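# Residue-level structure breakdown
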Amino acid sequence: MQRQRKRRFFGALAALLVIAFIFVPCAAETPVYRSVQTNTKRIALTFDDGPHPYLTPKILEILKKNGVAATFFMVGENVVNYPEAARAVLREGHEIGNHTFSHRHLSTLDEAGVRHELELCEEALRTLCEYRPHLFRPPEGAVTRSVEDCTEHEDYSLVLWSLDTRDWESKSVDRIVNTVINNIQPGDIILMHDYIGVKSKTPEALEILLPELLRRGYEPVTVSQLLGLG
């Protein structure tokens, strides 16, 4: 009888331990935003690697002409070199995200190195633009555990993209436009660049693309507006 009680006791204990193990809450993964599910035709235009002394103002002019807001993921070194272009983005009512200070590929850095890149870019924007970004896009979309941890601890939302125009390849204007028009879906985050090392076709493509998107009923908004981040 006593043995049976012991067996029942240890059997029940083992079952409880299994249940407890199954229901131990796991650490939540850092969300990575590439697009959103939406019943509207909202999309977000994003521009990486700027600001640039010529391309950024040109893009701002086109956005203003079409009444469109966008998000610019800026490199801290370029903010330091071209602060007036960065300030113009804010004056026109657009949003700025953190794109690191030196555009390092973050897979080569540990958590301290990633945090250093984030903080240097943040400091450049704070000092020169009186602005604190809350969106972060790692260069080339390199998401590592260190990137996720730093994003969460430093109060950033991690934003990639769902539609890459590949304008950085210096594609023709028609190819950039057609890439978007033929593939766009409501809720997309579109990747473009306002700093390209060779002759950029982005402004010319944008001149054609924006009126066509608006004609088709799409509503370009900032990333924070698209994601409902406030």
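Note that the coordinates shown come from a computational prediction; the quantities given were computed from them, not determined experimentally.

What counts as what
Residues numbered from 1 in each chain as written. Predicted model: local features only at pLDDT ≥ 70, side-chain atom pairs only at ≥ 80, totals over all residues. Heavy atoms only, no water. Core = buried A, V, L, I, M, F, W, Y, C linked by side-chain atoms within 4.5 Å. Buried < 20%, exposed > 50% of the residue type's maximum accessible area, 1.4 Å probe, protein only. Helix = DSSP H or I, 4+ residues; strand = E, 2+ residues; numbered from the N terminus. Phe/Tyr/Trp six-rings, centres within 6.5 Å; stacked < 30°, edge-to-face > 60°. Lys NZ or Arg CZ within 6 Å of the ring centre and 35° of its normal. Contact = heavy atoms within 4.5 Å.

### Re the nonpolar core
- By size, the foremost hydrophobic cluster in this structure holds 36 residues, and its most contacted members are Leu45, Phe47, Leu63, Phe72 and Leu206.
- The set of elements that each furnish at least two residues to this core consists of strand E2 (42-48), helix H2 (55-66), strand E3 (71-74), helix H4 (83-91), helix H5 (111-129), helix H7 (173-183), strand E8 (189-193) and helix H8 (202-215).
- Counting residues in each nonpolar core, the second largest holds 10 residues, with Val36, Phe73, Ile189 and Leu226 among its members.

### Description of unusual backbone geometry
- Cis geometry is found at the peptide bond from Gly50 to Pro51, where omega equals 5°.
- Positive phi, normally seen in glycine, also occurs at Asp155, with a value near 65°.
- For Asp155, the location among the structural elements is in the loop between helix H6 (145-153) and strand E6 (157-159).
- One non-glycine residue, Arg166, adopts positive backbone phi at about 55°.

### Considerations on the packing of aromatic side chains
- The full count for this structure, using the stated rule, is 2 aromatic pairs.
- Taken together, a centroid distance of 5.1 Å and an interplanar angle of 25° make the contact between Phe47 and Phe72 stacked. A residue pair is termed long-range when its members are at least 10 positions apart, and Phe47 in strand E2 and Phe72 in strand E3 qualify at 25 residues. The residues Phe47 and Phe72 share a single accessibility class, namely buried.
- Taking the ring centre of Tyr218 as reference, the NZ or CZ of Lys41 above it sits at 4.4 Å.
- Above the plane of the ring of Tyr156 lies Arg132, whose end atom (NZ or CZ) is 4.5 Å from the centre.

### What to know about H4
- For H4, the complete set of buried residues consists of Pro83, Ala85, Ala86, Ala88 and Val89.
- Buried residues belonging to H4 abut H2, E3, helix H3 (76-81), strand E4 (95-98) and H5.
- Taken from the residues just after H4, Gly93 is the one with a positive phi, measuring 85°.

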